[in-house]
Amino acid sequence: MKTNPVLRGVNFLLKFLVVALMLSPFYLAFCYAFKPKEEITTSGLSFPAHLYLDNFKNAFERTNFLVPLSNTLLVTVLSTAVLTVACSMAAYAIARRKSRVYQVFGALLMLTILVPFHAYMLPLYMRLQSWGLINTLTGFSIAKIGAQVGFSVIIIKGFVKTIPIEIEEATYIDGGGVFRNFFSVVLPLMKPIIMTSVIINALDVWNEYVIGVVVLQKPDKYILSLLQYTFFGQYFVNLGQAFAIFTISMIPILVLYFIFQRFIISGIVMGGVKG
């Protein structure tokens, strides 16, 4: 069946506009990161006349870039590892157990997604302060794990329901316990959704800003998303250096995403079958 040329043209135009909209932040970052301040003021969003690299050099010297970078790497790895292990086991228990207790627990986790962070921001701050965890990477990791655990459990639970329970029953007949069944049989089958969870959680922690503003207030505890503070003041704005740091900051997580993006698509699709 032939498609109307007009419809094909409209379809192509819509796709082009969507792609252009998605790529526009990257173009904006590139333009500002490689322009001196004078050119940013005069040329706007035009392509840089030449690649001005001093923005990167000056930004690194001004912000001690390696400290926020190491802080971000640490909290991302720690939070993602805890979420992956804990949420995989919790999702399996909720998906397989029919007890009302597990169902209530699953509903409470669903509730954590529906409640906005601002609703519990003050109690969270007061609790972390009473524990002495304000301005610590540990406090940030605890807050971020708590905010993300509900979503991770839900997407993994949907995938677990697609695994035939007969596979597990064979293990129980052979004398295997719950933990042996989970780690030897179920966990290897969960690889697609676990990889999906790892990528989504890593992206989310790496880009976190609001929790960082609440918990991390000292410059030596800043993560990359908070580093932009140093380029915007009451009487000054340094867009070139700000976008230089932004450009460098997004490279590691973009590389991670492009390497494992196929797991995100397959994991979510398979997890949504019975979720």
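Residues numbered from 1 in each chain as written. Predicted model: local features only at pLDDT ≥ 70, side-chain atom pairs only at ≥ 80, totals over all residues. Heavy atoms only, no water.

**Notes on the overall build of the protein**
Turning to step 1, where the next piece is worked out: Check the secondary structure of the protein and you find 12 helices and 0 strands.
Turning to step 2, where the next piece is worked out: What you see in the protein, going N to C, is helices and strands ordered as α-α-α-α-α-α-α-α-α-α-α-α.
Turning to step 3, where the next piece is worked out: Along the first, second and third principal axes, the C-alpha set of the protein runs to 75 × 70 × 30 Å.
Turning to step 4, where the next piece is worked out: Counting every position in the protein, which comprises 275 residues, the buried fraction comes to 38%.
Turning to step 5, where the next piece is worked out: A separation threshold of at least 6 residues defines the contact pool for the protein, and within that pool the share at least 24 residues apart is 70%.
Turning to step 6, where the next piece is worked out: Here the protein has roughly 15900 Å² of accessible surface; of this, 71% comes from carbon and sulfur atoms.
Turning to step 7, where the next piece is worked out: With 21 positive and 11 negative side-chain charges, the protein shows a spacing of 8 Å between the two charge centroids. (Helix = DSSP H or I, 4+ residues; strand = E, 2+ residues; numbered from the N terminus. Buried < 20%, exposed > 50% of the residue type's maximum accessible area, 1.4 Å probe, protein only. Contact = heavy atoms within 4.5 Å. Areas by Shrake-Rupley, 256 points an atom, 1.4 Å probe, with all protein chains shown as cover. Lys, Arg positive; Asp, Glu negative; His and termini not counted. Charge placed at Lys NZ, Arg CZ, Asp CG, Glu CD.)

**Focus: the packing of aromatic side chains**
Turning to step 1, where the next piece is worked out: One pass over the structure, following the stated rule, counts 9 aromatic pairs.
Turning to step 2, where the next piece is worked out: Measuring from ring centre to ring centre gives 5.1 Å for F34 and F56, while their planes differ by 50°; the resulting arrangement is tilted. Taken together, the residues span a long stretch of sequence, with F34 in the loop between α1 (5–33) and α2 (37–43) and F56 in helix α3 (residues 54–63) at a distance of 22 residues.
Turning to step 3, where the next piece is worked out: Accessibility expressed as a relative area gives 12% for F56, which makes it buried.
Turning to step 4, where the next piece is worked out: Where F117 meets Y120, the ring centres are 5.3 Å apart and the plane angle is 80°; that geometry is what we call edge-to-face. (Phe/Tyr/Trp six-rings, centres within 6.5 Å; stacked < 30°, edge-to-face > 60°.)

**Points about the confidence of the model for the protein**
Turning to step 1, where the next piece is worked out: The pLDDT averaged across the protein works out to 84; a share of 92% of its residues lies at or above 70.
Turning to step 2, where the next piece is worked out: Per-residue pLDDT stays below 50 along residues 271–275; that stretch engages in 8 contacts with residues further than four places along the chain or on separate chains. (pLDDT = per-residue confidence, 0-100.)

**Side note on α3**
The periodicity of an α-helix, 3.6 residues per turn, causes residues three or four places apart in sequence to face the same way.
Turning to step 1, where the next piece is worked out: Of the residues making up α3, those classed as buried are N55, F56, A59 and T63. The buried side chains of α3 occupy one side of the element, clustering within an arc of 95° when seen end-on. (Arc of directions from axis to C-beta.)

**Digging into the pattern of salt bridges**
Working definition: two side chains of opposite charge can pair if their charged atoms are close together.
Turning to step 1, where the next piece is worked out: Evaluation of the coordinates by the stated rule reveals 2 salt bridges.
Turning to step 2, where the next piece is worked out: A salt bridge links K144 to D204; its shortest N-O distance comes to 2.4 Å. Taken as a pair, K144 in helix α7 (residues 137–160) and D204 in helix α10 (residues 191–206) lie far apart in primary sequence, 60 residues in all.
Turning to step 3, where the next piece is worked out: Classification of D204 as partly exposed rests on a relative accessible area of 28%.
Turning to step 4, where the next piece is worked out: Between K144 and E208 there is a salt bridge whose closest N-O contact spans 2.5 Å. One end of the pair, K144, is in helix α7; the other, E208, is in the loop between α10 and α11 (210–215), and 64 residues separate them in sequence.
Turning to step 5, where the next piece is worked out: Under the relative-accessibility criterion, E208 is labelled buried at 11%.
Turning to step 6, where the next piece is worked out: Through salt bridges with shared partners, a single ionic network connects K144, D204 and E208. (Salt bridge = Lys/Arg side-chain N within 4 Å of Asp/Glu carboxyl O.)

**Structural notes on a nonpolar patch on the surface**
Turning to step 1, where the next piece is worked out: Among the surface-exposed residues, V104, L108, M110, L111, I113, L114, V115 and F151 lie close enough to one another that they form a single nonpolar patch of about 690 Å² accessible area.
Turning to step 2, where the next piece is worked out: If one sorts the elements of the nonpolar patch by residue count, helix α5 (residues 100–114) sits on top with 6 residues.
Turning to step 3, where the next piece is worked out: If you trace the backbone, I113 turns up in helix α5.
Turning to step 4, where the next piece is worked out: Taking relative accessible area as the criterion, I113 reaches 40% and is therefore assigned partly exposed. (Patch = residues over 30% accessible without salt bridge, like charges linked within 9 Å, V, L, I, M, F, W, Y side chains within 5 Å.)

**Looking at the side chain of S88**
Turning to step 1, where the next piece is worked out: With respect to the element layout, S88 can be found in helix α4 (residues 66–96).
Turning to step 2, where the next piece is worked out: The residues touching S88, leaving out its near neighbours within four places in the chain, are L83, I156, F182, M190 and I194.

**Things to note about the side chain of S79**
Turning to step 1, where the next piece is worked out: Its location among the elements puts S79 in helix α4.
Turning to step 2, where the next piece is worked out: In this structure S79 comes out as buried when scored by relative accessible area, which is 0%.
Turning to step 3, where the next piece is worked out: Apart from the residues within four sequence positions on either side, S79 is in contact with S141, I145 and V205.

**Topic: the packing of α4 against helix α9 (residues 178–189)**
Turning to step 1, where the next piece is worked out: Between α4 and α9, the least distance of the axes is 12 Å, while the angle of their chain directions is 110°. With respect to α9, the element α4 is oriented roughly perpendicular. Across the interface between the two elements, S88, M89 and Y92 of α4 pack against F179, N181, F182, F183 and V186 of α9.
Turning to step 2, where the next piece is worked out: Broken down by class, the residue content of the contact of α4 with α9 amounts to 6 nonpolar, 2 polar and no charged. (Axes fitted to C-alpha atoms, helices over the stretch in contact; angles between N-to-C directions. Parallel < 35°, antiparallel > 145°, perpendicular 65-115°, else oblique. Nonpolar A, V, L, I, M, F, W, Y, C, P; charged D, E, K, R; others polar.)

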